[in-house]
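Next come the chains, spelled out residue by residue.
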Amino acid sequence: MFAIIGGSGLYSLGEDFGLEEQASRRTPYGDTSADVLQGRWQSIPVVFLPRHGPGHRVPPHRVNYRANIWALKQVGVSRIISVNAVGGITDEMKPGTLVVPDQLIDYSSGREYTFFDGDDGKVIHVDFSWPYSAELRGVLTEVGLQKGQPLVASGTYGCTNGPRLESAAEIKRMRNDGCNLVGMTGMPETALARELEIEYACLALVVNWAAGVEDEPISMQDIMVNMERGMQQVKSLLLDAARLLQQ
Ligand code: HPA
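Residues numbered from 1 in each chain as written. Predicted model: local features only at pLDDT ≥ 70, side-chain atom pairs only at ≥ 80, totals over all residues. Heavy atoms only, no water.

1. Some thoughts on the site of the ligand
Close to the ligand lie Ala-85, Val-86, Gly-87, Leu-165, Glu-166, Val-182, Gly-183, Met-184, Val-207 and Asn-208. Between the ligand and Gly-87 there is a distance of 3.3 Å, counted from a nitrogen atom to a backbone nitrogen or oxygen. Its free accessible area being 260 Å², the ligand has 92% of it covered by the protein chains. A majority-of-atoms criterion places the ligand in the largest pocket. For the shell around the ligand, the elements supplying multiple residues, two or more each, are strand E7 (79-88), strand E11 (181-183) and strand E12 (199-209). Here the shell around the ligand gets three residues from one element, more than from any other, and that element is E7. For the shell around the ligand, the residue count by class is six nonpolar, three polar and one charged. (Near = heavy atom within 4 Å. Polar contact = N/O pair within 3.5 Å; in protein donor to acceptor, adjacent residues only side chain to side chain. Areas by Shrake-Rupley, 256 points an atom, 1.4 Å probe, with all protein chains shown as cover. 1 Å grid on protein atoms, 1.4 Å probe; cavity = no way out; pocket = protein on both sides within 12 Å on 5 of 7 lines; lining within 4 Å. Sits in = over half its atoms within 2 Å of the grid points. Helix = DSSP H or I, 4+ residues; strand = E, 2+ residues; numbered from the N terminus. Nonpolar A, V, L, I, M, F, W, Y, C, P; charged D, E, K, R; others polar.)

2. Re helix H1 (residues 65-74)
Among the ten residues in H1, seven count as buried, and that is most of the element. The complete set of buried residues in H1 reads Tyr-65, Arg-66, Ala-67, Asn-68, Ile-69, Ala-71 and Leu-72. Within two residues after H1, Gly-76 carries a phi angle of roughly 95°, on the positive side. (Buried < 20%, exposed > 50% of the residue type's maximum accessible area, 1.4 Å probe, protein only.)

3. Topic: the pattern of salt bridges
All chains considered together, the criterion is met by nine salt bridges. Here Arg-66 makes a salt bridge to Glu-112, at a shortest N to O gap of 3.6 Å. One end of the pair, Arg-66, is in helix H1; the other, Glu-112, is in the loop between strand E9 (103-106) and helix H2 (134-147), with 46 residues separating them in the sequence. Its salt-bridge partner being Glu-170, residue Arg-164 comes within 2.9 Å of it at the nearest N-O pair. Judged by its relative accessible area of 52%, Arg-164 is exposed. Through salt bridges with shared partners, one network takes in Arg-66, Glu-112 and Asp-117. (Salt bridge = Lys/Arg side-chain N within 4 Å of Asp/Glu carboxyl O.)

Here it is as structure tokens:
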């Protein structure tokens, strides 16, 4: 089963999505951000979960990432494409750009970041050298190419805690570290999916230049405009990806 985790700006799949089943939010790790919606998106089976809840009520540092990933696994999800709005750090990441990152660096803290706490007497480590699924990244770049939709096929995503945006110096440090993008929700979601052996990729939409890249302060209004514009392209790419994955 294929799932989409919607980020900021993507709270539903729209009228083309026919709901078939709605799973309860309860998990052993607490409640998910929203009901897990199972249905058909233009006849393709898709599971949908909005990360920030209906109407964007849950901030990035309060998202129950463990409950969300656990609940998706429970309904039989084996592949996830996650949508994340991000800031662009390096020159090729201008607002409006779609990116399929291949690496990440975690700067977040204070989040419940593992299913493997050792409580059951087992110590488990997972390989995370390549955090994202090569298969799903390939699918996204392929549908981007087919559509003639320009898409940056690699990049390093730096995950900060939020909800505030970063200082210019923090972004400078992240650039020196090798980050191309900055967002607040990539971790621990990506690692939790790996722990439960779910294929996972990120489709990032750049909605602003990161702090200090330009002289002016970051405008929340510009972010909203870029988000609305870009999400139409995101949805159309996701639908094509879902179609390809179904074959
Ligand atoms: N920083 C962190 N997260 C973000 C940004 C940003 O500039 N833009 C969108 N999400």
